[in-house]
Amino acid sequence: MNTIQNKVVEFEDLGTREYQSAWDYQESLMKNIIDLKIKNRDLPAEQHNETPNHFLLVEHPHVYTLGKSGHEENMLAGIDKLKEIDATFVKVNRGGDITYHGYGQIVGYPILDLENFFTDIHKYMRNLEEVIIRTIAEYGLKGERSPGETGVWLDVGKPYARKICAMGVKASRWVTLHGFALNVNTDMRYFEYIIPCGIKDKQVTSLKRELERELTPEEMEDIKAKIRKHFTEVFEAELIAK
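Residues numbered from 1 in each chain as written. Predicted model: local features only at pLDDT ≥ 70, side-chain atom pairs only at ≥ 80, totals over all residues. Heavy atoms only, no water.

### Some remarks on the overall build of the chain
Now for step 1: In terms of regular secondary structure, the chain is built from five helices and 12 strands.
Now for step 2: Rg of the C-alpha trace for the chain: 18 Å, near the compact-globule value of 18 Å for 242 residues, within the 12% margin.
Now for step 3: The C-alpha extent of the chain, read off along each of the three principal axes, is 55 × 40 × 35 Å.
Now for step 4: Residues counted as buried form 53% of the 242 residues belonging to the chain.
Now for step 5: Within the chain, counting contacts between residues at least 6 apart in sequence, those at least 24 apart form 75% of the total.
Now for step 6: For the chain, the computed accessible surface area is about 11200 Å², with 49% contributed by carbon and sulfur atoms. (Helix = DSSP H or I, 4+ residues; strand = E, 2+ residues; numbered from the N terminus. Rg over C-alpha atoms; globule rule 2.2 N^0.38 Å. Buried < 20%, exposed > 50% of the residue type's maximum accessible area, 1.4 Å probe, protein only. Contact = heavy atoms within 4.5 Å. Areas by Shrake-Rupley, 256 points an atom, 1.4 Å probe, with all protein chains shown as cover.)

This is the structure in structure tokens:
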């Protein structure tokens, strides 16, 4: 466990960025933290360096990502169809199956040293869900957890249960990678080309679909602000802008 617990999290809004570029950036931040942790192992406790934490928000151009435990047959579109809909396909090292990222979706990547907070991946996932549950509650939506399925859902246990936020993470030496994808103004037609998260009998939804209106660019920024606020509350962290 870290002798110094640093709960300051550096926040960055990456705007719109290609998936691979954002993933490479996450990996570099993660590597820096892990290198520091390895260095700390060889130092006396009083000389340990504080490990940083990061939280990125980003929007991706159309992309399908498949987790390491996922099944390629859940990708229903072939190469030609991907070209036609201007989407790419990337295999990633997070948990979970296939998911879609695209315009109008707010994607969050916390790169945290969990030894600064708590060493419990299950609790980490529940905390991420809680951030989104509190955020969408501000728009009158009751987000819930679905037993055995990560992410945030609406109307759990009913035939029309639907997922509004997907999640998939990886952790190495208690440092986290990947995160969540909240559908806001997302073009839901893109989900027709996959079996989302490998779950055949559940639907996906968005804030736009639930509120029956497009959210303005100002409202998109407001949602990001609400995510940041609830993140600081749930993780008892202090967010500082990079």
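### Details of the UniProt feature "site: Lowers pKa of active site Cys" (unreviewed entry) in the chain
Now for step 1: Sequence positions flagged by UniProt for "site: Lowers pKa of active site Cys" (unreviewed entry) are, in local numbering, Lys163.
Now for step 2: With respect to the helices and strands, Lys163 occurs in strand E9 (residues 162-172).
Now for step 3: On the basis of relative accessible area, Lys163 is assigned to the buried category, the value being 6%. (UniProt positions renumbered as here; feature names shortened; annotations may be inferred.)

### Observations regarding the side chain of Asn6
Now for step 1: Its location among the elements puts Asn6 in the segment before strand E1 (8-16).
Now for step 2: At 3.1 Å, the side chain of Asn6 forms a polar contact with the backbone nitrogen of Val8.
Now for step 3: There is a polar contact of 3.1 Å between the side chain of Asn6 and the backbone oxygen of Thr51.
Now for step 4: Those residues within four positions of Asn6 in sequence are excluded, and the remaining contacts are Glu50, Thr51, Pro52, Asn53, Asn116 and Phe117. (Polar contact = N/O pair within 3.5 Å; in protein donor to acceptor, adjacent residues only side chain to side chain.)

### A short note on unusual backbone geometry
Now for step 1: Phi angles above zero are rare outside glycine, and His178 is one such case at about 65 degrees.
Now for step 2: One non-glycine residue, Glu212, lies in positive phi territory at about 60 degrees.
Now for step 3: Looking at the secondary structure, you find Glu212 in the loop between helix H4 (207-211) and helix H5 (217-234).
Now for step 4: Here Glu212 falls in the exposed class, since its relative accessible area comes to 73%.

### Comments concerning the pairing of strand E3 (residues 63-66)
Now for step 1: Burial of the side chains of E3 extends over both faces: Val63 and Thr65 are buried on one face and Tyr64 and Leu66 on the other.
Now for step 2: In the sheet, E3 pairs with strand E4 (residues 88-91) via four bridges, with the strands oriented parallel. Within E4, the residue paired with Tyr64 across the bridge is Phe89.
Now for step 3: Sheet topology note: the E3/strand E5 (residues 98-101) ladder contains four bridges and is antiparallel. Residue pairing in the sheet places Tyr64 in a bridge with Tyr100 of E5. (Pairing = 2+ DSSP bridges.)

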